[in-house]
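# Residue-level structure breakdown
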Amino acid sequence: ILIGAGLYLNKHNAPQSGESQTLLSLDVAQIDKITIQQEGSAAMLLKQDKAWLLPKLEQLPADKAKLQSLLGKLETLQTSWPIATTNSSHERFEVSKNKHQRHLQLYQGEQLKAELYIGTSPGFRKVHVRKAGQEAVYSAKLNTFDLPAEDDQWLDKSLLAAQNITGIQGPDYSLEKQQDKWQLSADLQGDLDQSSVQKLLSAFNSLRITEISDEATVEDPKPITTNLRIKQGNTELNYTFRKQGENFSLSRSDIPQHFGLTEFDYSNIAEVRLEKLLLKPEAKASPSGQLQN
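Here is what the cut-offs are and how they apply
Residues numbered from 1 in each chain as written. Predicted model: local features only at pLDDT ≥ 70, side-chain atom pairs only at ≥ 80, totals over all residues. Heavy atoms only, no water. Helix = DSSP H or I, 4+ residues; strand = E, 2+ residues; numbered from the N terminus. Contact = heavy atoms within 4.5 Å. Expected span 1.5 Å × (residues − 1). Buried < 20%, exposed > 50% of the residue type's maximum accessible area, 1.4 Å probe, protein only. Arc of directions from axis to C-beta. Polar contact = N/O pair within 3.5 Å; in protein donor to acceptor, adjacent residues only side chain to side chain. Pairing = 2+ DSSP bridges. Core = buried A, V, L, I, M, F, W, Y, C linked by side-chain atoms within 4.5 Å. Salt bridge = Lys/Arg side-chain N within 4 Å of Asp/Glu carboxyl O. Phe/Tyr/Trp six-rings, centres within 6.5 Å; stacked < 30°, edge-to-face > 60°. Lys NZ or Arg CZ within 6 Å of the ring centre and 35° of its normal.

Our focus in this paragraph is the environment of P171. Considering the arrangement of structural elements, one finds P171 in the loop between β11 (167-169) and β12 (174-178). Residues P171 and N227, 56 residues apart in the sequence, show an inter-C-alpha distance of 6.8 Å. Excluding residues that lie within four positions of it along the chain, P171 makes contacts with T226, N227, V272 and R273.

What follows is the structure, encoded as structure tokens:
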């Protein structure tokens, strides 16, 4: 009778198979340092004045949306019964200290608040995970690609995008926004096509860098450099676009680094000239042609 009662109580108090539990006791708002390691590389993110930065990339900003998505997943990470509880299984699921796919550490100041080893995938959007210091291995809804261990993979690719532009000085044009309408500077002739200006603005709004690039160049082919200046209220920013062979790069006056960008973004901004911003003769001749701001 005593043995039966003990078995009943143990079964009654234990989590039922399939019953979800939160893996980490974590308040992500308090986390201000994250390290992610894999064999041969490591990423570090630091929170300073509510902004997440990449200290090994000269304090460039991290992708806030990407980081918040990861922290949200970690805060609500659910598990059920462990799939293994022995030390010998850690190597097999690649969640051991010496063999793992990712090693994640979350800090508040100097205090380590959570530490996980992320291993192999048992299925779609799932990974094996183990909390440091524990034997149990779980299957959890997480992706390894949510945890890149390279700093440049965390870089905010919209770093050089520009919003709320009120003026643009290009290679052969000068534009100014007046009362919600764009106008050419007084020394330029022609009828401005408002829709073409909006395309240029949209290109600045959606501008994305691809990587941090070095400044090393080759002698041939010679680079083509295009300079533009934009106004955002009382602030002026100078953009320098560079084309060298099949490569495209960009720098901005307020940020010392140089960045790579796509040919698409380069052509939509750096290759725009006054001719592309003016109304075509047939558009000016059409009595029914209506332009939209």
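Turning next to helix α2 (residues 64-75). In this model α2 runs 16 Å from its N-terminal to its C-terminal C-alpha over twelve residues, within 8% of the 16 Å that 1.5 Å per residue would give. Within α2, the full set of buried residues consists of L67, L70, L71 and L74. Taken down its axis, α2 places every buried residue within 95° of arc, on the same side. On the buried face of α2, the contacting elements are β2 (33-38), β3 (41-48), β4 (51-54), β7 (102-108) and β8 (111-118). Between the side-chain oxygen at the start of α2 and the backbone nitrogen of A65 there is a gap of 3.2 Å, and the oxygen is on D63.

Attention shifts here to the side chain of H128. Mapping H128 onto the fold places it in strand β9 (residues 127-131). Leave out the neighbours within four places in its chain, and H128 touches I83, F93, V95, Y117, I118, G119, T120, S121, P122, V137, Y138 and S139.

Moving on, we get to unusual backbone geometry. With phi around 55°, D49 is a residue other than glycine that occupies positive phi space. Inspection of the secondary structure puts D49 in the loop between β3 and β4. Residue classification places D49 among the exposed residues on the basis of a relative accessible area of 79%. Residues other than glycine seldom take positive phi values, yet D180 does so here, at roughly 65°. By the secondary structure assignment, D180 is in the loop between β12 and β13 (181-184). According to the relative accessible area criterion, D180 is exposed, its value standing at 60%.

Where β2 lies against β3, six bridges are found, and the strand directions are antiparallel. From the neighbouring strand, I34 faces β3, where its bridge partner is L45. Relative to β7, β2 runs antiparallel, the two being bridged by five bridges. Paired with I36 across the two strands is L104, which belongs to β7.

This part is about the environment of K141. Locating K141 in the fold gives a position in the loop between β10 (138-140) and β11. The spacing of K141 and V129 is twelve residues in sequence and 9.8 Å in space, taken between C-alpha atoms.

All right, on to the nonpolar core then. Residues I34, I168, F204 and Y239 are the most contacted members of the largest nonpolar core, which totals 69 residues. Counting residues per element, this core draws most heavily on helix α4 (residues 194-205), at five residues. Every residue in contact with Y239, bar those within four places of it in the chain, is listed here: L160, A161, A162, F204, L207, T226, N227, L228, I230, L250, S251 and R252. Counting five residues, the second-largest nonpolar core is a separate cluster that includes A84, F93, V95 and V137.

All right, on to α4 then. With twelve residues, α4 extends 16 Å from end C-alpha to end C-alpha; this agrees with the ideal 16 Å at 1.5 Å per step. Those residues of α4 that fall on the buried side of the exposure criterion are Q194, S196, V197, L200, L201, A203 and F204.

Time to look at the pattern of salt bridges. Counted under the stated rule, the structure contains four salt bridges. Measuring nitrogen to oxygen at the nearest pair gives 3.4 Å for the salt bridge that ties E236 to R229. R252 is paired through a salt bridge with D254; the nearest N and O atoms lie 2.7 Å apart.

Let us look at the packing of aromatic side chains. All told, the structure shown has four aromatic pairs when counted by the stated rule. Ring geometry for F204 versus Y239: centroids 5.4 Å apart, planes at 70°, classification edge-to-face. In this pair, F204 is assigned in helix α4 and Y239 in strand β16 (residues 235-244), connecting sequence segments 35 residues apart. Among the residues examined, F204 registers a relative accessible area of 0% and is labelled buried. Of the residues examined, Y239 reaches a relative accessible area of 0% and is grouped as buried. Plain terms: the ring middles of Y239 and F241 are 6.2 Å apart, the flat faces sit at 15° to each other, and that makes the pair stacked. A relative accessible area of 0% means that F241 is categorised as buried. Taken together through their ring pairs, the aromatic side chains of F204, Y239, F241, F248 and Y266 make up a single cluster. In this structure, K33 is placed above the aromatic ring of Y107, and the distance from its NZ or CZ to the ring centre is 4.8 Å. Over the aromatic face of W154 sits the side chain of K66, whose NZ or CZ is 5.1 Å from the ring centroid.

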